[in-house]
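Here's the letter readout for the chains.
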Amino acid sequence: MKIWFAWFCGNVIMLIIAGATQDIAVVSVITQVLLVVVFLGLTVALFRMTGALNRKADAARREALGDE
């Protein structure tokens, strides 16, 4: 849940920044591009971290149950 919360907070912060700069033409374009880049980066990190934690939990479960 912490990973999903961090992902959500990062995206909300970027949306707030993009909304605050929407009236300035050049800065608005830059923040919109950064919004897309940050969203994609956070999403990739989210799924990689979730997958790594799931693999770690599966390995620990197999070790505890003696399935190896």
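Computed from a predicted structure; not experimentally measured. (Residues numbered from 1 in each chain as written. Predicted model: local features only at pLDDT ≥ 70, side-chain atom pairs only at ≥ 80, totals over all residues. Heavy atoms only, no water.)

**Student:** Where do I start with the pattern of salt bridges in this structure?
**Tutor:** Pairs can form between side chains of opposite charge once their charged atoms are near each other. Counting across every chain of the model gives 1 salt bridge. In this structure, R61 and D58 form a salt bridge, with 2.6 Å as the shortest nitrogen-oxygen distance. Within this pair, R61 and its partner D58 are both found in helix α2 (residues 25–65), separated by 3 residues, close to a single helical turn. A residue is classified by how much of its surface remains accessible, and D58, at 34% relative accessible area, is partly exposed. (Salt bridge = Lys/Arg side-chain N within 4 Å of Asp/Glu carboxyl O. Helix = DSSP H or I, 4+ residues; strand = E, 2+ residues; numbered from the N terminus. Buried < 20%, exposed > 50% of the residue type's maximum accessible area, 1.4 Å probe, protein only.)

**Student:** Where do I start with the packing of helix α1 (residues 2–20) against α2 in this structure?
**Tutor:** Between two packed helices, both the angle of their axes relative to each other and the distance between the axes serve to describe the pair. As a packed pair, α1 and α2 sit with axes 10 Å apart at the nearest point and diverge in direction by 180 degrees. Considered as vectors, α1 and α2 are oriented roughly antiparallel to each other. Contact residues: α1 offers I3, W4, W7, G10, N11, M14, L15, I17 and A18, while α2 offers T31, L34, L35, V38, F39, L42, T43, L46, F47, M49, T50 and L53. (Axes fitted to C-alpha atoms, helices over the stretch in contact; angles between N-to-C directions. Parallel < 35°, antiparallel > 145°, perpendicular 65-115°, else oblique. Contact = heavy atoms within 4.5 Å.)

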